[in-house]
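Architecture and fold: a report
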Amino acid sequence: MLQKIMDMQILLYAMAGMGALGALGMAVIRLSYKRRLQKDNSLTNLKEKWLKHCSCRDELMRRMNRWAWMPSLVCAFLLCLSVLISKIFLHTGMVPSIYFRTGIAVPVALLIVRQAFDFSYKEDTIHHSMANYIEESCRQAAAVQASAAASREQQDAMVDYVAGGIRESSGEKGRFGELLSPEEEEIMREVIREFMG
């Protein structure tokens, strides 16, 4: 049986098949990364978009590395297995050189394909989405601060108007005429602010 396996070069074809499977797996992962980027570009929430970009890229990079290294390791195992079968079990000596060439060519080809399909350079997309998120967050924070300052100014203007109206209506000797000290006037302003709020 082992002689038949070696004669039919099943291990050689298995090594070539592992190389093709690894390259195909990496191509599928690259395609799925492109599709996820296109799908994530339709998101309007910049924080969610940035987080999805990061998690998607990291997850798919790990898968891409698995598709490069696992077939390479299986190919090396099959090469060692063919040498073991040839020397120990069949006592025929060395295996044909095509086994060694394939055993070396498949991992090298997978590493080249891995570099060709690499999408880590697409980090500019992730950095761009993160920059958009940070800029939008800063804009929103500035808008909130500006509106808070504007509302505070409006509220202060309204408090001044109401306090002036109270002073005018009560006169100097009226009910609120004695509230001339700064502390008491500030208390009156706080009461008016509480009433308005």
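Structure: see above.
Overview of the structure.

Quick notes on the rules
Residues numbered from 1 in each chain as written. Predicted model: local features only at pLDDT ≥ 70, side-chain atom pairs only at ≥ 80, totals over all residues. Heavy atoms only, no water. Helix = DSSP H or I, 4+ residues; strand = E, 2+ residues; numbered from the N terminus. Buried < 20%, exposed > 50% of the residue type's maximum accessible area, 1.4 Å probe, protein only. Contact = heavy atoms within 4.5 Å. Areas by Shrake-Rupley, 256 points an atom, 1.4 Å probe, with all protein chains shown as cover. Salt bridge = Lys/Arg side-chain N within 4 Å of Asp/Glu carboxyl O. Core = buried A, V, L, I, M, F, W, Y, C linked by side-chain atoms within 4.5 Å.

Summing up its helical and strand segments, the protein chain has 6 helices and 0 strands in all. N-terminal to C-terminal, the α/β element order of the protein chain is α-α-α-α-α-α. In the protein chain, which comprises 197 residues, the proportion classed as buried is 27%. Of the contacts formed within the protein chain by residues at least 6 apart in sequence, a portion of 76% connects residues at least 24 apart. Total accessible area computed for the protein chain in this model is approximately 13,100 Å², and 64% of it derives from carbon and sulfur atoms.

Moving on, we come to the pattern of salt bridges. Taken as a whole, this structure holds 3 salt bridges when the rule is applied. Across the pair Arg-63 and Glu-59 runs a salt bridge, and its minimum N-O distance is 2.8 Å. A residue pair is termed a helical-turn pair when its members lie 3 or 4 positions apart in one helix, as Arg-63 and Glu-59 do in helix H3 (residues 46–89) at 4 residues. With its nearest N and O atoms 3.1 Å apart, the salt bridge here joins Arg-114 to Asp-118. Assigned by exposure class, Arg-114 and Asp-118 land together as buried. One network of salt bridges, with partners in common, ties together Arg-36, Glu-59 and Arg-63.

Met-6, Leu-11, Met-15, Tyr-33, Leu-60, Tyr-99 and Phe-119 are the most contacted members of the largest nonpolar core, which totals 24 residues. The dominant element in this core, judged by the number of residues it contributes, is H3, at 9 residues. Leave out the neighbours within four places in its chain, and Met-6 touches Leu-11, Ser-82, Ile-85, Ser-86, Leu-90, Val-95 and Tyr-99.

Function-wise, these values are silent; they only describe arrangement.
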